[in-house]
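# Structural characterization, general
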Amino acid sequence: MPYFDEKNETLSEEQLRKLQSERLRETVRRSYENVECFRRRMDEAGIRPEDVRGVEDLGKLPFSYKSDLRDYYPYGLFAVPMEQVVRLHASSGTTGRRIVVGYTENDLSMWEECIARMLTAIGVGKADVVQISFGYGLFTGGFGVHGGAQRVGATVIPISSGNTQNQIRTMIDFGATVLCCTPSYAMYLAEEIEKLGVRDRLKLRVGVFGAEPWSEKMRAEIEAKLGIKAYDIYGLSEVMGPGVACECPEQSGMHVWEDHFLVEIIDPDTGRQLPPGESGELVFTSLTKEAFPVIRYRTRDVCRLIPERCRCGRTHIRMAKPAGRTDDMLIIRGVNVFPSQIEEVLLAVSGGEITPNYRIVVDRVNNTDTFEVEVEMSESFFSDNVRMIETFERRITEQLRSTLGIGAKVRLVNPNSLERSEGKAKRVLDLRAGKI
Ligand code: DLL
(Lines give C-alpha, C1' and ligand atoms only; values in the text may rest on other atoms or scores of the structure.)
Protein backbone atom coordinates (compact mmCIF):
# COMPACT_ATOMS: atom_id res chain seq x y z
CA MET A 1 0.00 0.00 0.00
CA PRO A 2 1.58 3.33 -0.95
CA TYR A 3 1.46 5.92 1.83
CA PHE A 4 0.48 8.56 -0.65
CA ASP A 5 -0.93 8.64 -4.13
CA GLU A 6 1.52 10.22 -6.50
CA LYS A 7 -1.33 11.15 -8.86
CA ASN A 8 -2.46 13.78 -6.36
CA GLU A 9 0.77 15.69 -6.81
CA THR A 10 0.63 15.87 -10.58
CA LEU A 11 -3.04 16.67 -11.19
CA SER A 12 -3.72 18.85 -14.20
CA GLU A 13 -4.98 22.35 -13.57
CA GLU A 14 -8.48 21.30 -14.57
CA GLN A 15 -8.50 18.22 -12.32
CA LEU A 16 -7.19 20.26 -9.42
CA ARG A 17 -9.78 23.04 -9.81
CA LYS A 18 -12.57 20.47 -10.01
CA LEU A 19 -11.39 18.67 -6.89
CA GLN A 20 -10.87 21.95 -5.01
CA SER A 21 -14.32 23.23 -5.99
CA GLU A 22 -16.03 20.08 -4.73
CA ARG A 23 -14.09 20.18 -1.50
CA LEU A 24 -14.64 23.90 -1.02
CA ARG A 25 -18.42 23.56 -1.39
CA GLU A 26 -18.38 20.78 1.20
CA THR A 27 -16.17 22.74 3.61
CA VAL A 28 -18.38 25.82 3.34
CA ARG A 29 -21.53 23.77 3.86
CA ARG A 30 -20.17 21.98 6.91
CA SER A 31 -18.75 25.15 8.42
CA TYR A 32 -22.02 27.02 7.89
CA GLU A 33 -23.96 24.25 9.60
CA ASN A 34 -21.60 23.73 12.52
CA VAL A 35 -19.61 26.88 13.23
CA GLU A 36 -21.63 29.74 14.65
CA CYS A 37 -18.98 32.41 13.98
CA PHE A 38 -18.77 31.51 10.28
CA ARG A 39 -22.55 31.29 9.89
CA ARG A 40 -23.00 34.75 11.41
CA ARG A 41 -20.36 36.30 9.13
CA MET A 42 -21.91 34.71 6.06
CA ASP A 43 -25.38 35.91 7.09
CA GLU A 44 -24.11 39.43 7.72
CA ALA A 45 -22.49 39.48 4.29
CA GLY A 46 -25.70 38.13 2.72
CA ILE A 47 -23.99 35.02 1.34
CA ARG A 48 -25.58 31.59 1.30
CA PRO A 49 -23.43 28.42 1.16
CA GLU A 50 -24.98 27.58 -2.22
CA ASP A 51 -23.63 30.88 -3.61
CA VAL A 52 -20.18 29.29 -3.48
CA ARG A 53 -20.11 27.04 -6.52
CA GLY A 54 -16.38 26.65 -6.84
CA VAL A 55 -12.96 28.20 -6.32
CA GLU A 56 -13.93 31.13 -8.53
CA ASP A 57 -16.30 32.24 -5.74
CA LEU A 58 -13.67 32.12 -3.00
CA GLY A 59 -13.39 35.93 -2.92
CA LYS A 60 -17.03 36.20 -1.79
CA LEU A 61 -16.32 34.45 1.50
CA PRO A 62 -15.53 36.39 4.68
CA PHE A 63 -12.02 36.32 6.13
CA SER A 64 -11.15 34.69 9.44
CA TYR A 65 -8.54 35.90 11.90
CA LYS A 66 -6.38 34.80 14.79
CA SER A 67 -8.61 36.87 17.08
CA ASP A 68 -11.50 34.50 16.21
CA LEU A 69 -9.57 31.66 17.82
CA ARG A 70 -9.16 33.76 20.94
CA ASP A 71 -12.79 34.92 20.98
CA TYR A 72 -14.13 31.37 20.61
CA TYR A 73 -11.53 29.76 22.89
CA PRO A 74 -11.29 26.84 23.43
CA TYR A 75 -13.63 24.83 21.20
CA GLY A 76 -16.05 27.36 19.69
CA LEU A 77 -14.75 27.01 16.13
CA PHE A 78 -14.72 23.21 16.02
CA ALA A 79 -17.02 21.77 13.35
CA VAL A 80 -17.41 18.28 14.86
CA PRO A 81 -18.56 17.04 18.28
CA MET A 82 -15.72 16.55 20.79
CA GLU A 83 -16.23 12.76 20.61
CA GLN A 84 -14.61 12.89 17.18
CA VAL A 85 -11.64 15.04 18.24
CA VAL A 86 -8.63 12.84 18.98
CA ARG A 87 -5.84 15.41 19.39
CA LEU A 88 -5.40 19.00 20.50
CA HIS A 89 -2.50 21.34 19.88
CA ALA A 90 -2.04 24.88 21.11
CA SER A 91 0.11 27.86 20.46
CA SER A 92 0.76 30.67 22.83
CA GLY A 93 2.17 33.15 20.34
CA THR A 94 4.11 36.11 21.57
CA THR A 95 1.13 38.09 22.76
CA GLY A 96 -2.28 37.42 24.16
CA ARG A 97 -4.22 34.33 25.10
CA ARG A 98 -3.27 31.01 23.61
CA ILE A 99 -5.19 29.37 20.81
CA VAL A 100 -6.33 25.76 20.56
CA VAL A 101 -6.80 23.59 17.48
CA GLY A 102 -8.28 20.07 17.15
CA TYR A 103 -7.92 17.10 14.83
CA THR A 104 -10.05 14.07 13.96
CA GLU A 105 -8.50 10.73 12.97
CA ASN A 106 -8.87 11.73 9.32
CA ASP A 107 -7.22 15.09 9.98
CA LEU A 108 -4.19 13.37 11.51
CA SER A 109 -4.02 11.00 8.59
CA MET A 110 -4.11 13.88 6.09
CA TRP A 111 -1.37 15.65 8.08
CA GLU A 112 0.83 12.55 7.97
CA GLU A 113 0.22 12.34 4.25
CA CYS A 114 1.39 15.93 3.70
CA ILE A 115 4.62 15.28 5.62
CA ALA A 116 5.11 11.89 3.94
CA ARG A 117 4.82 13.56 0.54
CA MET A 118 7.62 15.92 1.40
CA LEU A 119 9.89 13.28 2.89
CA THR A 120 9.38 11.05 -0.13
CA ALA A 121 10.06 13.95 -2.49
CA ILE A 122 13.41 14.63 -0.84
CA GLY A 123 14.37 10.97 -0.74
CA VAL A 124 13.75 10.18 2.92
CA GLY A 125 12.40 6.68 3.57
CA LYS A 126 12.81 3.36 5.32
CA ALA A 127 16.59 3.47 5.41
CA ASP A 128 16.62 6.78 7.30
CA VAL A 129 16.92 7.60 10.97
CA VAL A 130 15.04 10.85 11.59
CA GLN A 131 15.96 12.91 14.63
CA ILE A 132 13.01 15.16 15.43
CA SER A 133 14.37 18.07 17.43
CA PHE A 134 11.27 20.22 17.04
CA GLY A 135 9.54 20.63 20.37
CA TYR A 136 7.01 17.91 21.23
CA GLY A 137 3.96 18.85 23.25
CA LEU A 138 1.35 21.44 22.43
CA PHE A 139 3.57 22.93 19.70
CA THR A 140 2.71 21.24 16.38
CA GLY A 141 6.33 20.78 15.24
CA GLY A 142 7.36 17.54 16.98
CA PHE A 143 4.22 15.44 16.70
CA GLY A 144 3.41 16.89 13.28
CA VAL A 145 6.58 15.70 11.60
CA HIS A 146 6.63 12.49 13.67
CA GLY A 147 3.54 10.90 12.09
CA GLY A 148 4.71 11.55 8.54
CA ALA A 149 8.21 10.22 9.23
CA GLN A 150 6.76 6.99 10.59
CA ARG A 151 4.44 6.78 7.62
CA VAL A 152 7.37 6.62 5.19
CA GLY A 153 8.85 3.86 7.30
CA ALA A 154 11.77 5.84 8.69
CA THR A 155 13.15 5.17 12.18
CA VAL A 156 12.08 8.08 14.35
CA ILE A 157 14.05 9.52 17.26
CA PRO A 158 11.46 11.66 19.11
CA ILE A 159 14.05 13.61 21.07
CA SER A 160 12.23 16.98 21.11
CA SER A 161 14.19 20.22 21.45
CA GLY A 162 16.80 21.21 23.99
CA ASN A 163 19.77 19.67 25.82
CA THR A 164 22.16 20.32 22.99
CA GLN A 165 24.98 18.03 24.14
CA ASN A 166 22.53 15.15 24.36
CA GLN A 167 21.22 15.98 20.88
CA ILE A 168 24.70 15.64 19.45
CA ARG A 169 25.49 12.46 21.34
CA THR A 170 22.21 10.93 20.17
CA MET A 171 22.84 11.97 16.58
CA ILE A 172 26.19 10.21 16.66
CA ASP A 173 25.21 7.10 18.65
CA PHE A 174 21.93 6.43 16.80
CA GLY A 175 23.29 7.31 13.36
CA ALA A 176 20.73 10.00 12.55
CA THR A 177 20.58 10.73 8.81
CA VAL A 178 17.86 13.40 8.95
CA LEU A 179 17.58 16.32 11.35
CA CYS A 180 14.30 18.22 11.84
CA CYS A 181 14.30 21.46 13.85
CA THR A 182 14.14 25.24 13.51
CA PRO A 183 16.90 26.70 11.32
CA SER A 184 18.21 28.77 14.22
CA TYR A 185 18.55 25.63 16.33
CA ALA A 186 20.24 23.85 13.41
CA MET A 187 22.73 26.70 13.30
CA TYR A 188 23.36 26.41 17.03
CA LEU A 189 23.80 22.64 16.78
CA ALA A 190 26.22 23.17 13.89
CA GLU A 191 28.28 25.58 15.99
CA GLU A 192 28.45 23.12 18.88
CA ILE A 193 29.35 20.23 16.57
CA GLU A 194 32.16 22.34 15.14
CA LYS A 195 33.41 23.19 18.62
CA LEU A 196 33.42 19.54 19.65
CA GLY A 197 35.11 18.58 16.38
CA VAL A 198 32.74 15.65 15.83
CA ARG A 199 31.36 16.41 12.40
CA ASP A 200 33.14 13.34 10.92
CA ARG A 201 31.19 11.12 13.25
CA LEU A 202 27.81 12.27 11.95
CA LYS A 203 25.80 10.44 9.32
CA LEU A 204 23.46 13.37 8.67
CA ARG A 205 22.61 13.98 5.02
CA VAL A 206 19.30 15.89 5.10
CA GLY A 207 17.77 18.65 7.20
CA VAL A 208 14.09 19.62 7.39
CA PHE A 209 13.90 23.08 8.86
CA GLY A 210 11.07 25.55 9.41
CA ALA A 211 8.76 27.30 11.90
CA GLU A 212 10.54 30.63 11.40
CA PRO A 213 11.87 32.72 8.52
CA TRP A 214 15.36 31.89 7.25
CA SER A 215 17.28 33.14 4.28
CA GLU A 216 19.07 31.41 1.40
CA LYS A 217 22.35 32.51 2.93
CA MET A 218 21.44 30.84 6.20
CA ARG A 219 20.63 27.70 4.22
CA ALA A 220 24.03 27.78 2.53
CA GLU A 221 25.74 28.23 5.88
CA ILE A 222 23.89 25.33 7.54
CA GLU A 223 24.45 23.07 4.53
CA ALA A 224 28.16 23.80 4.53
CA LYS A 225 28.61 23.45 8.29
CA LEU A 226 26.68 20.19 8.60
CA GLY A 227 27.43 18.75 5.15
CA ILE A 228 23.73 18.21 4.39
CA LYS A 229 20.95 19.32 2.04
CA ALA A 230 18.61 21.62 3.98
CA TYR A 231 14.93 21.80 3.01
CA ASP A 232 12.32 24.31 4.07
CA ILE A 233 8.95 23.34 5.55
CA TYR A 234 6.14 25.78 6.31
CA GLY A 235 2.95 25.60 8.28
CA LEU A 236 0.99 27.11 11.11
CA SER A 237 -1.07 25.65 13.93
CA GLU A 238 -4.30 27.27 12.82
CA VAL A 239 -4.15 25.72 9.36
CA MET A 240 -2.70 22.35 10.47
CA GLY A 241 0.92 22.62 11.60
CA PRO A 242 4.10 21.83 9.63
CA GLY A 243 3.57 20.52 6.11
CA VAL A 244 1.03 22.96 4.63
CA ALA A 245 3.80 23.70 2.13
CA CYS A 246 7.11 21.91 1.59
CA GLU A 247 10.16 22.07 -0.61
CA CYS A 248 10.99 19.45 -3.22
CA PRO A 249 14.50 18.57 -4.44
CA GLU A 250 14.56 21.73 -6.57
CA GLN A 251 14.80 23.83 -3.37
CA SER A 252 13.12 26.74 -5.08
CA GLY A 253 9.88 27.45 -3.31
CA MET A 254 7.54 25.31 -1.23
CA HIS A 255 4.69 23.40 -2.87
CA VAL A 256 1.39 24.19 -1.16
CA TRP A 257 -0.53 20.89 -1.14
CA GLU A 258 -3.38 22.37 -3.10
CA ASP A 259 -5.68 19.35 -2.91
CA HIS A 260 -5.90 20.08 0.85
CA PHE A 261 -5.32 23.85 1.03
CA LEU A 262 -6.42 26.76 -1.15
CA VAL A 263 -3.95 29.60 -1.09
CA GLU A 264 -4.40 33.28 -1.90
CA ILE A 265 -2.23 36.37 -1.62
CA ILE A 266 -4.08 39.52 -0.64
CA ASP A 267 -3.31 43.14 -0.05
CA PRO A 268 -3.34 43.27 3.78
CA ASP A 269 -4.80 46.77 3.81
CA THR A 270 -7.65 46.39 1.32
CA GLY A 271 -8.23 42.62 1.45
CA ARG A 272 -8.12 42.51 -2.35
CA GLN A 273 -6.72 39.36 -4.02
CA LEU A 274 -3.39 40.09 -5.72
CA PRO A 275 -2.26 38.64 -9.03
CA PRO A 276 0.12 35.66 -8.93
CA GLY A 277 3.70 36.68 -8.26
CA GLU A 278 2.91 39.78 -6.21
CA SER A 279 3.88 40.01 -2.60
CA GLY A 280 1.21 40.33 0.09
CA GLU A 281 -0.44 38.44 2.95
CA LEU A 282 -0.88 34.67 2.69
CA VAL A 283 -4.45 33.44 3.18
CA PHE A 284 -5.44 29.77 3.47
CA THR A 285 -8.68 27.84 3.18
CA SER A 286 -8.64 24.20 4.26
CA LEU A 287 -10.38 21.78 1.90
CA THR A 288 -10.42 18.50 3.80
CA LYS A 289 -10.05 19.33 7.48
CA GLU A 290 -12.90 18.08 9.64
CA ALA A 291 -12.42 19.20 13.24
CA PHE A 292 -11.10 22.67 12.59
CA PRO A 293 -11.80 23.91 9.07
CA VAL A 294 -10.46 27.36 8.26
CA ILE A 295 -11.91 29.66 5.64
CA ARG A 296 -9.83 32.48 4.21
CA TYR A 297 -7.60 32.50 7.25
CA ARG A 298 -5.36 35.56 7.41
CA THR A 299 -1.93 34.22 8.34
CA ARG A 300 -0.18 37.62 8.54
CA ASP A 301 2.77 36.01 6.75
CA VAL A 302 4.17 38.17 4.00
CA CYS A 303 4.88 36.11 0.96
CA ARG A 304 4.54 35.66 -2.79
CA LEU A 305 3.38 32.74 -4.91
CA ILE A 306 5.45 31.32 -7.76
CA PRO A 307 2.99 30.56 -10.56
CA GLU A 308 5.54 28.99 -12.96
CA ARG A 309 5.61 25.19 -13.13
CA CYS A 310 8.27 23.51 -11.01
CA ARG A 311 10.91 21.45 -12.75
CA CYS A 312 10.21 18.56 -10.39
CA GLY A 313 6.92 17.82 -12.18
CA ARG A 314 4.63 18.50 -9.24
CA THR A 315 1.78 20.75 -10.34
CA HIS A 316 0.97 22.25 -6.93
CA ILE A 317 1.75 25.94 -6.78
CA ARG A 318 4.83 27.07 -4.86
CA MET A 319 5.18 29.81 -2.28
CA ALA A 320 8.43 31.70 -1.80
CA LYS A 321 10.14 31.83 1.58
CA PRO A 322 7.97 34.07 3.78
CA ALA A 323 9.74 37.37 4.36
CA GLY A 324 8.27 37.67 7.84
CA ARG A 325 4.95 38.45 9.44
CA THR A 326 3.00 41.67 9.19
CA ASP A 327 3.03 41.67 12.98
CA ASP A 328 6.82 41.07 13.10
CA MET A 329 7.46 43.90 10.73
CA LEU A 330 9.03 46.81 12.55
CA ILE A 331 8.27 50.33 11.54
CA ILE A 332 11.37 52.29 12.40
CA ARG A 333 11.32 56.00 11.63
CA GLY A 334 8.52 55.31 9.18
CA VAL A 335 10.40 52.60 7.29
CA ASN A 336 9.26 48.96 7.14
CA VAL A 337 11.96 46.63 8.41
CA PHE A 338 11.81 42.83 8.54
CA PRO A 339 14.36 41.03 10.74
CA SER A 340 15.01 38.70 7.78
CA GLN A 341 16.44 41.63 5.78
CA ILE A 342 18.97 42.24 8.50
CA GLU A 343 19.93 38.58 8.57
CA GLU A 344 20.51 38.68 4.78
CA VAL A 345 22.86 41.64 5.15
CA LEU A 346 24.78 40.08 8.01
CA LEU A 347 25.32 36.85 6.16
CA ALA A 348 26.33 38.72 3.00
CA VAL A 349 29.05 40.76 4.70
CA SER A 350 30.03 38.03 7.13
CA GLY A 351 33.12 36.47 5.53
CA GLY A 352 33.38 34.26 8.61
CA GLU A 353 34.01 37.22 10.91
CA ILE A 354 30.54 37.31 12.43
CA THR A 355 27.93 34.69 13.27
CA PRO A 356 24.31 34.94 12.12
CA ASN A 357 23.35 35.60 15.73
CA TYR A 358 22.03 39.09 16.16
CA ARG A 359 19.53 41.13 18.12
CA ILE A 360 17.62 44.18 17.05
CA VAL A 361 16.98 46.70 19.79
CA VAL A 362 14.51 49.48 19.04
CA ASP A 363 13.67 52.25 21.46
CA ARG A 364 12.31 55.79 21.40
CA VAL A 365 14.27 58.74 22.72
CA ASN A 366 13.10 62.37 22.32
CA ASN A 367 10.32 61.32 19.95
CA THR A 368 12.77 59.57 17.64
CA ASP A 369 13.22 55.85 17.11
CA THR A 370 16.62 54.47 17.97
CA PHE A 371 17.71 51.40 16.03
CA GLU A 372 20.58 49.25 17.18
CA VAL A 373 21.78 45.92 15.84
CA GLU A 374 23.95 43.78 18.08
CA VAL A 375 25.96 41.27 16.09
CA GLU A 376 27.99 38.46 17.54
CA MET A 377 31.60 38.09 16.47
CA SER A 378 32.88 34.64 15.60
CA GLU A 379 35.44 33.09 17.96
CA SER A 380 38.19 33.43 15.34
CA PHE A 381 37.49 37.11 14.64
CA PHE A 382 37.12 38.03 18.29
CA SER A 383 39.77 40.54 19.13
CA ASP A 384 40.51 43.60 21.20
CA ASN A 385 41.66 45.50 18.15
CA VAL A 386 39.29 48.45 18.36
CA ARG A 387 40.11 49.75 14.91
CA MET A 388 39.35 46.42 13.25
CA ILE A 389 36.06 46.16 15.07
CA GLU A 390 35.07 49.70 14.14
CA THR A 391 35.89 49.12 10.49
CA PHE A 392 33.72 46.05 10.42
CA GLU A 393 30.87 47.80 12.24
CA ARG A 394 31.02 50.55 9.63
CA ARG A 395 30.84 48.03 6.79
CA ILE A 396 27.69 46.47 8.22
CA THR A 397 26.16 49.90 8.90
CA GLU A 398 26.69 50.98 5.29
CA GLN A 399 25.25 47.79 3.92
CA LEU A 400 22.21 48.04 6.21
CA ARG A 401 21.64 51.62 5.13
CA SER A 402 21.72 50.72 1.47
CA THR A 403 19.34 47.76 1.98
CA LEU A 404 16.89 49.31 4.41
CA GLY A 405 17.20 52.99 3.61
CA ILE A 406 17.75 53.98 7.24
CA GLY A 407 20.71 54.18 9.55
CA ALA A 408 21.32 51.68 12.34
CA LYS A 409 23.89 51.68 15.09
CA VAL A 410 25.79 48.43 14.73
CA ARG A 411 27.59 46.99 17.72
CA LEU A 412 29.75 43.87 17.56
CA VAL A 413 29.39 41.83 20.74
CA ASN A 414 31.47 38.99 22.17
CA PRO A 415 31.17 35.44 20.86
CA ASN A 416 28.40 33.41 22.53
CA SER A 417 27.01 36.44 24.35
CA LEU A 418 23.57 36.48 22.70
CA GLU A 419 20.96 34.04 23.90
CA ARG A 420 20.57 30.88 21.75
CA SER A 421 17.18 29.41 21.01
CA GLU A 422 16.18 25.77 20.94
CA GLY A 423 12.96 26.66 19.14
CA LYS A 424 12.02 29.84 17.33
CA ALA A 425 14.67 32.52 17.63
CA LYS A 426 13.78 35.83 19.33
CA ARG A 427 15.57 38.54 17.42
CA VAL A 428 13.78 41.73 18.39
CA LEU A 429 13.71 43.78 21.56
CA ASP A 430 11.24 46.60 21.01
CA LEU A 431 11.20 48.96 23.97
CA ARG A 432 8.99 51.63 22.41
CA ALA A 433 5.64 50.59 23.91
CA GLY A 434 4.08 53.53 25.72
CA LYS A 435 6.84 55.97 24.73
CA ILE A 436 5.57 58.76 22.54
O1 DLL B 1 5.63 26.92 13.47
C2 DLL B 1 4.43 25.03 12.57
C3 DLL B 1 5.71 24.48 12.05
C4 DLL B 1 6.45 23.62 12.82
C5 DLL B 1 6.14 24.80 10.77
C6 DLL B 1 7.61 23.07 12.32
C7 DLL B 1 7.30 24.26 10.26
C8 DLL B 1 8.04 23.38 11.02
P9 DLL B 1 3.14 28.07 14.69
O10 DLL B 1 3.89 27.95 15.95
O11 DLL B 1 1.67 28.23 14.74
O12 DLL B 1 3.37 26.79 13.80
O13 DLL B 1 3.78 29.28 13.89
C14 DLL B 1 3.39 29.55 12.57
O15 DLL B 1 5.58 30.37 11.98
O16 DLL B 1 2.66 31.76 10.50
C17 DLL B 1 5.07 31.71 10.11
O18 DLL B 1 5.07 33.05 10.55
C19 DLL B 1 6.18 30.96 10.81
N20 DLL B 1 6.72 29.91 9.95
C21 DLL B 1 6.44 28.60 9.97
N22 DLL B 1 7.19 27.94 9.05
C23 DLL B 1 7.94 28.86 8.42
C24 DLL B 1 8.91 28.83 7.38
C25 DLL B 1 4.57 26.34 13.31
N26 DLL B 1 9.30 27.70 6.80
C27 DLL B 1 4.18 30.70 12.02
N28 DLL B 1 9.45 30.01 6.99
C29 DLL B 1 3.81 31.00 10.58
C30 DLL B 1 9.09 31.18 7.57
C31 DLL B 1 7.63 30.13 8.99
N32 DLL B 1 8.21 31.27 8.56
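Residues numbered from 1 in each chain as written. Predicted model: local features only at pLDDT ≥ 70, side-chain atom pairs only at ≥ 80, totals over all residues. Heavy atoms only, no water.

### As for the site of the ligand
Within the structure, the ligand sits among 20 residues, and Asp232, Ile233, Ser237, Asp301 and Lys424 are positioned closest to it. One nitrogen or oxygen atom from the side chain of Asp232 is found 2.8 Å from a nitrogen atom belonging to the ligand. Within the side chain of Ser237, a nitrogen or oxygen atom sits 2.6 Å from an oxygen atom of the ligand. Summarising the interface, the protein chains cover 94% of the accessible area of the ligand, which totals 610 Å² for the free molecule. For the shell around the ligand, the elements supplying multiple residues, two or more each, are α5 (140–151) and β7 (229–236). Looking at the shell around the ligand residue by residue, the class counts come to nine nonpolar, five polar and six charged. (Near = heavy atom within 4 Å. Polar contact = N/O pair within 3.5 Å; in protein donor to acceptor, adjacent residues only side chain to side chain. Areas by Shrake-Rupley, 256 points an atom, 1.4 Å probe, with all protein chains shown as cover. Helix = DSSP H or I, 4+ residues; strand = E, 2+ residues; numbered from the N terminus. Nonpolar A, V, L, I, M, F, W, Y, C, P; charged D, E, K, R; others polar.)

### Regarding the domain arrangement of the protein
Taken as a whole, the protein is organised into domain 1 (1–325) and domain 2 (330–430). Between domain 1 and domain 2, the contact holds 24 residues from the first and 18 residues from the second. Counting each side, the surface lost to burial between domain 1 and domain 2 is near 1,600 Å², with a carbon and sulfur contribution of 55%. Connecting domain 1 to domain 2 are two salt bridges. The salt bridge partner of Arg420 is Glu191, with a shortest N-O separation of 3.1 Å. At the level of elements, α7 (183–196), α8 (216–226) and β14 (324–325) are the ones that each hand at least two residues to the side of domain 1 that touches domain 2. Broken down by element, the side of domain 1 that touches domain 2 gets its largest block of residues, six residues, from α7. Looking at the side of domain 1 that touches domain 2, its residues break down into nine nonpolar, eight polar and seven charged. (Domains from an automatic or database assignment. Contact = heavy atoms within 4.5 Å. Buried area = accessible area lost by both parts, 1.4 Å probe. Salt bridge = Lys/Arg side-chain N within 4 Å of Asp/Glu carboxyl O.)

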